[in-house]
Structure formats: C-alpha cells, structure tokens
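Summary of the model geometry
Here is how the chains run, residue by residue.
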Amino acid sequence: MKYPKSILDKFRPSFEPGGKLSFFKPIFDALDYFLFLAPRTTKNPPFGRDPLDVKRYMSLVILGLVPSFLAALYFFGWRVLLILIVSYIAGGSVEVLFALIRKEEINEGFLVTGFIYPLILPPGIPLWMVAVGIVFGVFIGKEIFGGTGRNVFNPALIGRLFLALGYPAAMTGSWVKPGWLPWGKLLSSFTIGPPDAVTSASPLVLAKSGQFTPLFNLFVGNVSGSLGETSAIAILLGGLFLLIVGVASYRTVFSVLLSFVGFNVLLRLVAPSVVNPVLFNLLSGGILFGSFFMATDPVSSPVTQAGKWTYGIIIGLVTILIRSFSGFVEGMMFAILFGNICAPIIDEVIIRTKMRRYAREE
Amino acid sequence: MNPSVYPVAIFFAAIFTNNILLTNYLGMCSFLSVSREIKTSLGLGAAVIFVMAVTSALNWIVYEYILIPLDLTYLRYIVFIIVIAAFVQIVEMIIERVSETLYAALGIFLPLITVNCAILGASLFMVIRQYNFLSSFMYGFGSGIGWSIAILAMAGIRQKLKNAKIPRGLEGAGITLIITGMMALAFIGFTGMIKIS
C-alpha cells in the first residue's frame, strides 16, 4: 500500500493552494480519496489508522478486474456487457431485498461479486442461467450467513459451481470461438439468447485428446474459455496491480501458483501421459484468474500469514490433481471451494500453535 | 489396477472420492451435534478412526469365517451391530483401566460411536464391494479419516460462524446441513480420480 501512496504524496504540494496545479485539486483529491483515504485526521473516535476500508478495497479490486473485462469484451463481443448487467440486476435485487428485510445499509461488497461472476462464465451461456446462478450464489452463499464479510465461501464461486453441476450440458456446450485481429468481436452483432452452434472446445478439453493450443494464443487470450480467464496478459496486468497496492495477498497468489507448478512438475515426472506440460497448464483454464482474484478473497481465505501459505498450497495441489486425474477437465473452482472449507480450521490450528509457543516462552 | 496397490487406492478413495460423510451422507447425527466445538470434534474424530478401522477388520473376519460357512449372511446387519457394540464396550473398559486421561478425553464419545451409522455403513460397504481383509481394513481406516476431516473442517467453520448473523430459523442444524451440502459440492471435484468397485 505504501508505494503508490508515496507517488501521490510527491505530487501533493503542487496541488495545494498556491501550487502550480491548484486548479486541479478536486481531481487529485478524488483520485486520492478513491485509492486511499484522504490524509485528514478525524476529530472524534474511532481513530482508524489503516486507509483501507471495504469501499476502497472493493473499488481497487474492480480496477484490477477491468483489464480482464476489456479483454472479454474484445474477444467475445458486446454480449459480455449484457451478461454483466444481468448479473448486477439479479444479484443486486437479492442484496437489496435482504438489506430491506434486515434494515441494514446496502453493502457495496456485492459490486465485486457481481463483477467477478460474469468473468468466470462461458460466453454463450443463456441469460436466465446467469441470473439463476448469481441469485443462488448471493442468497445461499452469502446472505444466509449474514451478508458481506460473514460468508464462509466465495459467493461467485458457489453460483458458478451450482450452474456447472446443475446444468452441465448447457455449461460445457457454451464455449464460443473468440474474435481476433483487428477488432475482435467488437463490430460483430450479438444475440440476446445463446449464440448458434459456434461452440469450440476449450484448450483443456482439447489437451485431453492431445491437441495443445499454442502458448502465444493462451497468453494473449484468443482461445475458447470462460470470459475473463482466457487472456493471461490481462489477468497479470490487473493481478499485479492488486499485488502492488496490497489488496490481493501475495502470499496466497504465490503459494497457489508455486504449489501448482511444483506439483505439476512432480506429477509429470510420474505420469507424463496424463499430466499436461507446466507452461500450458499455467496459462490455460482458470488457474491464473482464480489465484489472483478468487482465492485472495479476504473473507473466505485464512487470516493468518502461515494460514495463507497452507491454503494456497492446498488449492494448487487440488487443482492439478483434479485437472490431471479426475473426470473434470478443470479443477480450479473445486479447489478454491475446498480451500474455503479448510480455511477456518487452518487458521484455528495456526493460532493455537502460536499461542502455545508464546505460553511456553513466558 | 495393480492388485498390490489396491488397498492404498482404496484408502485414498475412502478419504476423498468416496468420503463416507460427504458422498454417502452417513454419520450425520453425531456430525451435526458434535461439530459445535473443535476440541470435541477432534476427540470424536480420533475415536471414529480407531473404531472404524478395527471393526471393519473384525467384521470381515466374522463375515468370512462365521457367517458364510454357516450360511447366515442374512444376519449380517444384526451381527455387525453386535460386534461393533461389543468392541466399543471392551475398548471403553480397557481404556478406563489403563489410562485415566485418555478415558476422560474419549470417554463420552465411545458410547456415541456405537450408534454412528457410518461405522455400520463401512462394514456393509465392505461386504457389498467384496473387499479382502487388507482392503477392508484400509477402507475402514480411510473412511474414518475422511469422516474426521469433514467434522474438523465443519467445527472450524462453525467456530467462524459465531460472528455470523444467521436467520433464526436456520440456526444450528439448518445452516450446518446447508454448509455440508456446499462441502459435498467441493468433493464432487474428486469424482473419477480413484475408482473403487
């Protein structure tokens, strides 16, 4: 959090009254307020020292997701925007309904869930299914636990899993061939309903039959797959931004990726015929998107630092195991849910061991 | 599959792909009532691992050398329950004599286990799937570990839920069942990884 803050602070004097750019102070303040809290001291308690609150946290995550969203627009066309709108309206109504019943403020936490969720859906998904998934995710995954900050599982993930297991045929049949240079699919027309039979198998499905998509395509993103997960470069752009501002925990991200790569190398030595090459595995499917944007969800991941490493290692291992050996081609969503399940007990064990150690030292 | 690795495969399958709690929903009653505290979950989990592993092996011997020769296999439900109950009673008595502390830690849970349907379930599955002795033991052992992992994770989650605002009608068993369902969703991912016939 410190690094971008110091850049802003360097320019602060020229925006103060009398400075060269004092005319633009409102814009500077808005940016400062958007990214951090303005450096004003509150007069009354409570005196919080951390400039990061839920609202700013959420805006930063959305900023980090923008590159992936733009990539999805480019490769899969304007229907992506439609999916996003459906997700916001359907999920938002559940959120508002609960806020009304509970007589609480409407929480901005939903803005992130409603933004991540479309990015993990296949491009050709029927719109009613988008609505069903997000309503289930927000209702069962979050609201019955008491709303934002109290949920045990990642709500977007619960919605996606519900669809994947409830409508398997529709979900796997909804992959769409992406557009490519010069305008992607930005100029082509789109349909409200699912696009007609232009389905194309995703790289992980093709890999099962021995066809490996070139790494360059996987890196840029003009491959079939869920909306936000295809373009590795867009994910890295947004993900690294989140790491630099300190919103995504680098411990979680690195441990997921390191354990994924490590176990991939090991398993490939044992069973080269079923385990895909490391770089191919890393760039395809949801591993990058999941590790940067979903595993790092602060509510459903462990709080302790050692806990985050353990959690990441579990997620990486389970992903590569499911991808290589189970009946599913992609294991990222199961793995993150599995991590969410283990998170509370991991924290508990780590806190107790630490307490015991301190007790012994005294 | 190579027959020599078969028991090991069964062991891991019993923990993950065929978790007795999350894929068969057996042993729910003690799972729901005991998962409130981590400490008690740990105690019950340890007791279940021990009893399940040993009774699977014992029941295999009883089934193979008593029930089949006498053509009494239709009595297996009753016989298995008796074996489990008798074993639990004997273990309880021995623990009481040998270690006072272990008895205090496990004492309450051992009688509970007699009525845990997961234990009987493991023995019955072993018969249906026609395991040999070693496989039966590994299956019971693995199922016990799988059950304990599930109850420990649930205890952790319920600990975290103490800060949650759950609607009054869903408190207790309601929310626990919903969470169990979501845990089962995650375990679906392991499907097909290891096959046990």
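The structure this text deals with has already been given above.
Residues numbered from 1 in each chain as written. Chains lettered and ligands numbered in written order. Predicted model: local features only at pLDDT ≥ 70, side-chain atom pairs only at ≥ 80, totals over all residues. Heavy atoms only, no water.

**Remarks on the side chain of S300 of chain A**
Definition in use: The helix count covers DSSP runs of H or I at least four residues long, the strand count covers runs of E at least two residues long, and both are numbered beginning at the N terminus. Whether a residue is buried, partly exposed or exposed follows from its accessible area with a 1.4 Å probe, protein chains only, as a fraction of its type maximum: under 20%, in between, or over 50%, in that order. Under this definition, polar contacts are N or O atom pairs within 3.5 Å; protein pairs additionally need one hydrogen-donor-capable and one acceptor-capable atom, and for neighbouring residues in sequence, both atoms have to be side-chain atoms. Contact between two residues is taken to exist if any of their heavy atoms lie within 4.5 Å; hydrogens are not considered.
In this fold, S300 of chain A is placed in the loop between α14 (287-294) and α15 (305-325). Given the relative accessible area of 0%, S300 of chain A is considered buried. A distance of 2.8 Å separates the side chain of S300 of chain A from the side chain of D297 of chain A, its partner in a polar contact. S300 of chain A has contacts with V152, F153, N154, Y311, N340 and A343 of chain A together with K160 of chain B, leaving out every residue within four places of it along the chain.

**Describing a positive patch on the surface**
Quick note on the threshold: Grouping into patches uses exposed residues only, defined as over 30% relative accessible area, and leaves out salt-bridged ones; the cut-off is 9 Å for like charges and 5 Å for nonpolar side chains (Val, Leu, Ile, Met, Phe, Trp, Tyr). The Shrake-Rupley method, run with a 1.4 Å probe, gives the accessible areas here. Residue values count only the displayed protein chains as cover. We count a salt bridge whenever a side-chain nitrogen from Lys or Arg sits within 4 Å of a carboxyl oxygen from Asp or Glu. Charge convention: Lys and Arg are scored as positive, Asp and Glu as negative, and His as well as the terminal groups of each chain are ignored. Lys charges are placed at NZ, Arg charges at CZ, Asp charges at CG and Glu charges at CD.
Together, K354, R356, R357 and R360 of chain A give the surface a local cluster of positive charge. Accessibility expressed as a relative area gives 53% for R356 of chain A, which makes it exposed.

**Comments concerning helix α4 (residues 76-98) of chain B**
Quick note on the threshold: To estimate the expected span of a helix, count its residues, drop one, and scale the result by 1.5 Å.
With 23 residues, α4 of chain B ought to run about 33 Å at 1.5 Å a step, and its terminal C-alpha atoms sit 32 Å apart, in line with that. Among the residues of α4 of chain B, V79, F80, V83, I84, F87, V88, V91, E92 and I95 of chain B are the ones counted as buried.

**Side note on the pattern of salt bridges**
All names here are of chain A. For the coordinates displayed, the defined rule picks out four salt bridges over all chains. The salt bridge partner of E95 is K142, with a shortest N-O separation of 3.1 Å. Here K142 lies in the loop between α6 (127-141) and α7 (155-166) and E95 lies in helix α4 (residues 79-102), a separation of 47 residues in the sequence. Put simply, E348 and R352 hold a salt bridge, and the shortest N to O gap is 3.4 Å. Here the residue E348 and the residue R352 both occupy positions in helix α16 (residues 332-361), the gap between them amounting to four residues, near one helical turn. For E348, a relative accessible area of 18% corresponds to the buried category.

**Focus: the interface of chain B and chain A**
Formally: Amino acids are sorted into nonpolar (Ala, Val, Leu, Ile, Met, Phe, Trp, Tyr, Cys and Pro), charged (Asp, Glu, Lys and Arg) and polar (every other residue, Gly among them).
In this complex, chain B contributes 29 residues to the contact, which on the side of chain A involves 31 residues. Seen at the junction of chain B and chain A, the total is zero salt bridges. Between the two partners, chain B and chain A, sit five residue pairs in polar contact (both at pLDDT 80 or more). Those elements giving two or more residues to the side of chain B that touches chain A turn out to be α8 (133-160) and α9 (173-188) of chain B. It is α9 of chain B that provides the largest number of residues to the side of chain B that touches chain A, a total of nine residues. Residue classes in the side of chain B that touches chain A are distributed as 21 nonpolar, six polar and two charged.

**Quick notes on the packing of helix α5 (residues 109-119) of chain A against α7 of chain A**
Helix packing geometry: the angle between the two helix axes and the distance between the axes. Residue and element names in this part refer to chain A. As a reminder of what qualifies: Note on definitions: angles span 0 to 180 degrees between N-to-C directions of axes, and those axes are lines fitted to C-alpha atoms, for helices only across the stretch in contact. With the far helix as reference, a near helix turned anticlockwise by less than a right angle produces a left-handed crossing, and one turned clockwise produces a right-handed crossing.
Two elements in contact, α5 and α7, have axes whose closest approach is 8 Å; the angle formed by their N-to-C orientations is 35°. In terms of crossing hand, the pair formed by α5 and α7 is right-handed. Residues T113, I116 and Y117 of α5 touch α7, and the partners they reach there are P155, A156, G159, R160 and L163. Classifying every residue of the contact of α5 with α7 by side-chain character gives five nonpolar, two polar and one charged.

**Quick word on the packing of aromatic side chains**
As a reminder, the rule being used: Aromatic contacts are taken between Phe, Tyr and Trp rings whose centres are within 6.5 Å, Trp giving its six-membered ring; a plane angle under 30 degrees counts as stacked, one over 60 as edge-to-face, and the others as tilted. Criterion for a charge above a ring: Lys NZ or Arg CZ within 6 Å of the ring centre, and within 35 degrees of the ring normal.
According to the stated counting rule, one finds 23 aromatic pairs over all chains in the structure shown. Look at F212 of chain A and F280 of chain A: their rings are 5.0 Å apart centre to centre, the planes differ by 85°, and that puts the pair in the edge-to-face class. On the criterion of sequence distance, the pair formed by F212 of chain A in the loop between α9 (203-208) and α10 (215-220) and F280 of chain A in helix α13 (residues 278-283) is long-range, its members being 68 residues apart. These aromatic residues form a ring-pair network of at least three members: F338 of chain A together with F16, F187 and F190 of chain B. Note that R129 of chain B overlies the ring of F125 of chain B, its terminal NZ or CZ placed 4.5 Å from the centroid.

**Side note on a nonpolar patch on the surface**
All names here are of chain B. On the surface, L58, I61, Y65, I66, L70 and F133 cluster together into a nonpolar patch covering about 570 Å² of accessible area. No other element matches helix α3 (residues 38-67), which puts four residues into the nonpolar patch. Mapped onto the elements of the fold, F133 is located in helix α8. Accessibility expressed as a relative area gives 36% for F133, which makes it partly exposed.

**Points about the environment of S202 of chain A**
Here S202 of chain A is to be found in the loop between α8 (168-172) and α9. Residues S202 of chain A and L240 of chain A lie 38 residues apart in sequence; the distance between their C-alpha atoms is 25 Å.

**A look at unusual backbone geometry**
Residues and elements named next belong to chain B. We note that Y25 has phi near 55°; this positive angle belongs to a residue other than glycine. In this structure, Y25 sits in the loop between α1 (6-15) and α2 (28-34). Residue Y25 is classed as partly exposed on the basis of its relative accessible area of 35%. Notably, Q130 is not glycine yet its phi reads approximately 55°, a positive angle. Relative accessible area serves as the criterion here: at 71%, Q130 is assigned to the exposed category.

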